[in-house]
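If you want the building blocks of each chain, they are given just below.
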Amino acid sequence: MNVREIAPNIYWVGVVDWDARYFHGHALSTHRGTTYNAYLIVDEKIALVDTVYTPATQKLLDNIRKIIDPAKIDYIISNHSEVDHSGALPALMDLAPNAQIYCTKKGAEFLEAQFHRGWEYKIVKSFDELSLGKRTLTFIEAPMLHWPDSMFTYIKEDAILMPNDAFGQHYASSGRFDDEVDVDEMMEEASKYYANILTPFSSLVAKKLKEVADLGLPIKMICPSHGVMFRANPGLILEAYQRWSTQPAEDMVVIAYDTMWGSTRLMAEAIASGVDEAGVRYKLFHIPVTDRNDIITAIQAAKAVAIGSPTVNRSILATVSPLLEDLAGLKVKGKKALAFGSDGWGGGAVAAINGYLDKAGMERISDGAAMRWKPDAAAREELKQLGRQLAESVK
Ligand code: FEO
């Protein structure tokens, strides 16, 4: 991948990872790969903003060498210490031992805990500035967006915001900018990224957006650490974050289930039929054949959710647990919810699902629908009624 000069003497020197299909171990699917963005600013002093994931180190070094000798780097700005942005730091510090690492207090703690190199860290706080000569970097702490150490770097003279993970997308592409890619595809990835990573921090996202808006900083370009950079329309991603962080959702119901011998599937279909009769859109997902992160993204966009599982060992099927664990952990709150499931001789699944829905902060419309064996016509009518009720609750 070629380096790109994104503004005079400011270069994208990152790495595109077309192969990445999972992130955070195997917790997050990345169907369209990802990028690790790093930015080199060449001024009287030379600064590198963030590095890349360890396996991509050589490509980063090759890219930097197309512009300057890495030994000449004066400052390395570590906006976030997670290894997908700090993995190349040891190699860079070996090449440029006099480079100073700028990061938050937590950043220093986390970098040291991961690399044990005894580097000296220059700790920065919000609105501290670093002059590179003609350019000035301003730092803005952004704790829990999405780690305690996170911060943004703003280049004053160019009005460029480098917010690291915020506004990112796991999206490999030949284009580096928003006007060089399929915008719908890019925003689909941005939405999935938000739903699966930033949802629990929505109130902090809203607060930070307001704080940045109140500062009145002009923003000509947003250069996140993953995916494409926004130069044609930075407002697009800012408005999307505004929307997602206040968690409004569409008049839509997501029904997600697994089934053992088809009974819970019949229940899901009957609920869907009721939602349909009420004139509300719905999406029906069979959990084991659908990517979990895609289901979470759909749930994040919907006002109501129904989750179903048959009872096994007095609880839910193991295939349903990861989705419920994620929903509870992500605090996908404020949605109307319904649990359902079939059992043969002793229930347990519906109560277990209810526990997760409560933990997520959802509003259950009932104690759920637990049914024995295969639902007959009368039972399916009851389920349709619950589907109608769920649909009416989102109107
Ligand atoms: Fe939190 Fe892209 O790492």
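The structure we're discussing is the one just above.
Sequence order sets the numbering: in each chain, residues are counted from 1 along the sequence as written. Only residues with pLDDT of at least 70 are given local features in this predicted model, and only at 80 or more are side-chain atom pairs given and counted; all residues enter the totals for whole chains, interfaces and linings. Hydrogen atoms and water are omitted, and side-chain values are computed over all heavy atoms in the structure.

A short note on the overall build of the chain
Moving on, step 1. Helix and strand assignments follow DSSP, with helices taken as H or I runs no shorter than four residues and strands as E runs no shorter than two, numbered in order from the N terminus. Looking only at helices and strands, the chain has 12 helices and 22 strands in total.
Moving on, step 2. In terms of overall dimensions, the chain has a C-alpha envelope of 80 × 40 × 35 Å along the principal axes.
Moving on, step 3. For the chain, the proportion of its 395 residues judged to be buried stands at 55%.
Moving on, step 4. Across the chain, the fraction of contacts at a sequence separation of at least 24, relative to all contacts at a separation of at least 6, is 72%.
Moving on, step 5. For accessible areas, the Shrake-Rupley method is used with a probe of radius 1.4 Å. Any residue's cover is judged against the shown protein chains and nothing else. When the accessible surface of the chain is summed, it comes to about 16300 Å², and 51% of that surface belongs to carbon and sulfur atoms.
Moving on, step 6. Positive residues here are Lys and Arg, negative ones are Asp and Glu, while His and the chain termini are left out of the count. Working definition for charges: the position is that of NZ of Lys, CZ of Arg, CG of Asp or CD of Glu. For the chain, the centre of its 42 positive side-chain charges and the centre of its 51 negative side-chain charges are spaced 2 Å apart. The buried label goes to any residue with under 20% of its type's maximum accessible area, the exposed label to any with over 50%, and the partly exposed label to all in between, with areas taken from a 1.4 Å probe on protein chains only. Contacts are residue-level and defined by heavy atoms, with any inter-residue pair within 4.5 Å sufficient.

Looking at helix 9 (residues 292–301)
Moving on, step 1. Judged by how many residues are buried, helix 9 sits mostly within the fold: seven of 10 residues are covered.
Moving on, step 2. When we look at burial in helix 9, the residues that qualify are N293, I295, I296, T297, A298, I299 and Q300.
Moving on, step 3. Capping the start of helix 9 is the job of one residue whose side-chain oxygen sits 2.9 Å from the backbone nitrogen of N293: D291. Think of a polar contact as two N or O atoms within 3.5 Å of one another; within protein, one of them needs to be a possible hydrogen donor and the other a possible acceptor, and neighboring residues in sequence only count if both atoms come from side chains.

Considering the pairing of strand 17 (residues 250–257)
Moving on, step 1. Where burial is concerned, most of strand 17 is hidden: six out of the eight residues are buried.
Moving on, step 2. Whether two strands pair depends on DSSP finding at least two bridges between them. Summarising the sheet, strand 17 and strand 19 (residues 302–308) pair through six bridges and their orientation is parallel. Bridging from a neighbouring strand, I255 pairs with A306 of strand 19.
Moving on, step 3. Pairing of strand 17 with strand 18 (residues 281–286), which is carried by six bridges, proceeds in the parallel orientation. The residue bridging V254 from the neighbouring strand is K283, located in strand 18.
Moving on, step 4. Look down the strands so they point away from you; if going from the first strand over the helix to the second traces a clockwise path, that crossover is right-handed. Once you follow strand 17 into helix 8 (residues 263–277) and on to strand 18, the crossover reads as right-handed.

Looking at the sheet that holds strand 16 (residues 221–224)
Moving on, step 1. As summarised here, the arrangement of the five strands in space is 12-13-14-15-16, forming an open sheet in which the pairing is mixed. In the strand order of this sheet, the two ends are held by strand 12 (129–131) and strand 16, each with one partner. When the angles between neighbouring strand axes are averaged without regard to direction, this sheet yields 20 degrees. For every element, the axis is a line fit to its C-alpha atoms; helices are fit only across the contacting stretch, and the angle between N-to-C directions ranges from 0 to 180 degrees.

Re the packing of aromatic side chains
Moving on, step 1. Each Phe, Tyr or Trp ring (for Trp, its six-membered ring) is paired with any other whose centre lies within 6.5 Å, and the angle between the two planes then decides the class: stacked below 30 degrees, edge-to-face above 60, tilted in between. The tally for this structure, following the rule as stated, stands at 11 aromatic pairs.
Moving on, step 2. An angle of 45 degrees between the planes, with centres 5.6 Å apart, marks the rings of Y194 and W244 as tilted. Placement of the pair is Y194 in helix 5 (residues 183–198) and W244 in helix 7 (residues 234–245), with a sequence separation of 50 residues. Accessibility assignment for this pair places Y194 and W244 in one class, buried.
Moving on, step 3. Counting every residue linked through ring pairs, the aromatic cluster contains F167, Y194, Y241 and W244.
Moving on, step 4. We call a charge positioned above a ring when the Lys NZ or Arg CZ atom is no farther than 6 Å from the ring centre and deviates by at most 35 degrees from the ring normal. Directly above the ring of W12 sits R176, whose terminal nitrogen or CZ lies 4.7 Å from the centroid.
Moving on, step 5. Geometry around F177 places R231 over its ring, the cationic atom sitting 3.8 Å from the centre.

Here we look at the pattern of salt bridges
Moving on, step 1. When a carboxyl oxygen of Asp or Glu is within 4 Å of a side-chain nitrogen of Lys or Arg, the pair counts as a salt bridge. Evaluation of the coordinates by the stated rule reveals 24 salt bridges.
Moving on, step 2. For R4, the salt bridge identified is with E180, shortest N-O distance 2.8 Å. Taken as a pair, R4 in strand 1 (residues 4–7) and E180 in the loop between strand 15 (160–164) and helix 5 lie far apart in primary sequence, 176 residues in all.
Moving on, step 3. Residue R4 is classed as partly exposed on the basis of its relative accessible area of 25%.
Moving on, step 4. Two residues, R388 and E277, come together in a salt bridge whose shortest N-O distance is 2.4 Å. With R388 in helix 12 (residues 377–392) and E277 in helix 8, this residue pair connects regions lying 111 residues apart in the sequence.
Moving on, step 5. Taken together, the shared-partner salt bridges connect R4, D179, E180 and R231 into one network.

Remarks on the side chain of S202
Moving on, step 1. Among the secondary structure elements, S202 is positioned in helix 6 (residues 202–215).
Moving on, step 2. By relative accessible area, which is 4% here, S202 ends up buried.
Moving on, step 3. Within the structure, the side chain of S202 is placed 2.8 Å from the side chain of Y194, a separation counted as a polar contact.
Moving on, step 4. Discounting residues that sit within four places of it in the chain, S202 has contacts with Y194, W244, S245 and Q247.

Notes on the nonpolar core
Moving on, step 1. The biggest cluster of nonpolar side chains holds 60 residues, and the ones touching the most others in it are L40, I64, I73, L92 and Y241.
Moving on, step 2. Here this core takes seven residues from helix 5, the largest share from any one element.
Moving on, step 3. Only buried residues count toward a nonpolar core. Its members are Ala, Val, Leu, Ile, Met, Phe, Trp, Tyr and Cys residues joined through side-chain atoms within 4.5 Å. Membership of the second largest hydrophobic core comes to 30 residues, among which are V254, V305, I307 and L327.

By themselves, these figures tell us nothing about what the structure is for.
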